[in-house]
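Overview (structure and organization)
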Amino acid sequence: MITADDQLIGVLADRTGLTREALFGHVAVARVQGAFSYPLSDDEVEDTVREIIENMTRVVPIGLPAEADPASQYVWLQEITAHYVSAETRMVLIRIDSAGRTPARRSPGEGYDPLTDGWDLDPEDYDDELVRDAQQWTWWQWVKAAGVREMWRMPDPYVGADSDVPLDRALDERRRTGDEAAYRRALKQIRNANYRDIDAWAHSGHEALARADAVASRSTTANRRRCAAIIEALGYYQTGVAVGELSLPSRFTGVMAWSSIQNRPFLRARHGLALAWWRLGEFDIAGTVVRTTLWVNPADNQGLRDLLSPIEERIPYEKASID
């Protein structure tokens, strides 16, 4: 039996990992709006907690779907899933939106031309198998059909700072000491200090996936731990991608090249997003993420094109042969 906000907030804090301060407003608003009233039985607590978390994880609509803009092949996070896996994501986006979005910028004078910069390879310069494969890639045919597109660059979350940004320091310290727990704490501090740091979200996802890989046993308990770490990683990657999408124009048709350093965190977060969903068996969603990432970065410096076949063939991540 629960009879006060403080008790209900404690249950929510255990379920979401958020602080009591972050949860206070959600509970108070739900109560004032008549979503529940005290006292709450155990069953009513479960229903109330589920409803509050559902509201807290509902995806924030950002851009226009591709159907509304046939010139775009960009698939927004809101088109892929109705809810974030982390209750923190929506809170982060609302706070960034309230503080003011920082838009991505066109790269003046630059454009991506698939006829000169793309995958129509000269057999004299490239391996025959790669040349043949490239001619069969459906995603590449979409890129070619779109013609020349504008190049875009993500905003710098640390404008005016030198190269020694917080994440660089955390990575250096991790390499020096090998202290994974301290690295995890440092990532959390960076995220809390600057929600716009997409790379901190992406590297948090990488760290969680590494913990999933470190679970060697295949017992039921070990599988639960592994799955929990992958879901945690998915939450970080979703947040990083969603933060990046806040910077994009609502009708986005451009290219975000890996050659622009500011684009790399966003592309890393998208790569991780595809891997996490694939590892959870969400083949259709993972394939959509990969194809969209290839659309925005056709040069594919990350090698995502090699993930498409096993994902589309619905081969489990653990059984796939990828480099």
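The structure this text deals with has already been given above.
Criteria and cut-off values
- Residues numbered from 1 in each chain as written.
- Predicted model: local features only at pLDDT ≥ 70, side-chain atom pairs only at ≥ 80, totals over all residues.
- Heavy atoms only, no water.
- Core = buried A, V, L, I, M, F, W, Y, C linked by side-chain atoms within 4.5 Å.
- Buried < 20%, exposed > 50% of the residue type's maximum accessible area, 1.4 Å probe, protein only.
- Helix = DSSP H or I, 4+ residues; strand = E, 2+ residues; numbered from the N terminus.
- Contact = heavy atoms within 4.5 Å.
- Phe/Tyr/Trp six-rings, centres within 6.5 Å; stacked < 30°, edge-to-face > 60°.

Next up on the list: the nonpolar core. Judged by nonpolar contacts, the single largest core of 88 residues is most densely connected at L8, L248 and W277. Top element by residues in this core is helix α12 (residues 220-246). It accounts for 10 residues. If we skip the residues at most four places from it in the chain, W277 touches L77, I80, T81, L234, Q238, E282, I285, A286 and V289.

All right, on to the packing of aromatic side chains then. All told, the structure shown has 9 aromatic pairs when counted by the stated rule. Both rings, one in W152 and one in F252, keep their centres 5.9 Å apart while their planes meet at 75°; by these two values the pair is edge-to-face. One end of the pair, W152, is in strand β2 (residues 149-153); the other, F252, is in the loop between α12 and α13 (264-279), and 100 residues separate them in sequence. Across the pair, exposure class does not vary: W152 and F252 are buried alike. Ring centres of W201 and Y236 lie 6.4 Å apart, and the angle between their planes is 40°; this geometry places the pair in the tilted category. Of the two residues, W201 sits in helix α11 (residues 198-213) while Y236 sits in helix α12, which places them 35 residues apart along the sequence. The exposure classification of W201 matches that of Y236, with both residues buried. Grouped by ring-pair contacts, the aromatic residues Y74, W76, W152 and F252 constitute a single cluster.

Distances and angles like these do not, on their own, reveal function.
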